[in-house]
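Residue strings, one per chain:
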Amino acid sequence: RFIMDHRLAFSESSAGEDTCFFYRSMIVARKVRYWDYEGYYRRYRPGSTITDTTIRSIRGRIESFEHVAATLDDVDDKCHFLTVATQQALYAAALWVMSMLRHDTGERRLLLRLFEQAGLFQFLALHRHDWKAALFHLIATLPGKFLPVQIICAKILKRIYRSKSRLLRGYG
């Protein structure tokens, strides 16, 4: 009933459509309850954007980030806005990590150029509402001569957040 009342649906036009669905449903919910229960089983299937580590998958997520960011327009409470914006900044940071950890330097350059063109650096700059998002922004915007430092930081960040983000499993 909740899904129909709020006209929630998966977007067919974006990679990671479940991300947009998640944000929209959390924004319109009056209450959200967290239950620390491992009763969910995810079947990893070939071609899934979660298991697909190709440049095409990362590119699709970067290009569709505008759909994720657009969910902020639905937030009317300032505290809620900061929470959602921070989560989205961490999602953008995960996309940056995946881009940085490409072994092929041409692919890395292409993805980082797309990241910039899609406005994700600006999004990170605008939504540094907690220390993690601020740290990601600082590392991601280091000058080009610090590329080796950025790669090392991306590897460390991937290890730290691997257990917390499905997106970072299988990268690098």
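Computed from a prediction, not measured in an experiment: that's the story for all the values here. (Residues numbered from 1 in each chain as written. Predicted model: local features only at pLDDT ≥ 70, side-chain atom pairs only at ≥ 80, totals over all residues. Heavy atoms only, no water.)

J.: A description of a nonpolar patch on the surface should follow, citing residues and the corresponding values.
T.: A cluster of nonpolar side chains, namely F2, I3 and V28, defines an oily patch on the protein surface of about 220 Å² accessible area. Mapped onto the fold, I3 is located in helix α1 (residues 2–5). Judged by relative accessible area, I3 falls into the partly exposed class, the value being 42%. (Patch = residues over 30% accessible without salt bridge, like charges linked within 9 Å, V, L, I, M, F, W, Y side chains within 5 Å. Areas by Shrake-Rupley, 256 points an atom, 1.4 Å probe, with all protein chains shown as cover. Salt bridge = Lys/Arg side-chain N within 4 Å of Asp/Glu carboxyl O. Helix = DSSP H or I, 4+ residues; strand = E, 2+ residues; numbered from the N terminus. Buried < 20%, exposed > 50% of the residue type's maximum accessible area, 1.4 Å probe, protein only.)

J.: So, the environment of L157: which residues are in play, and what are the values?
T.: Looking at where L157 falls in the secondary structure, it is placed in helix α9 (residues 147–161). For L157, a relative accessible area of 8% puts it in the buried group. Note: C-alpha distance between L157 and F136 (21 residues apart in sequence) is 8.9 Å.

J.: Quick one: what's the story with the packing of aromatic side chains, residue by residue and with numbers?
T.: Overall, the coordinates contain three aromatic pairs when judged by the stated rule. An angle of 80° between the planes, with centres 5.0 Å apart, marks the rings of F65 and F123 as edge-to-face. Of this pair, F65 sits in helix α4 (residues 65–70) while F123 sits in helix α7 (residues 120–126); the two residues are 58 residues apart in sequence, bridging distant segments of the chain. Ring geometry for F115 versus F121: centroids 4.7 Å apart, planes at 70°, classification edge-to-face. What makes F115 buried here is its relative accessible area of 0%. Note on F121: relative accessible area 16%, which makes it buried. Clustering of aromatic rings is evident, with ring pairs tying together F65, Y91 and F123. (Phe/Tyr/Trp six-rings, centres within 6.5 Å; stacked < 30°, edge-to-face > 60°.)

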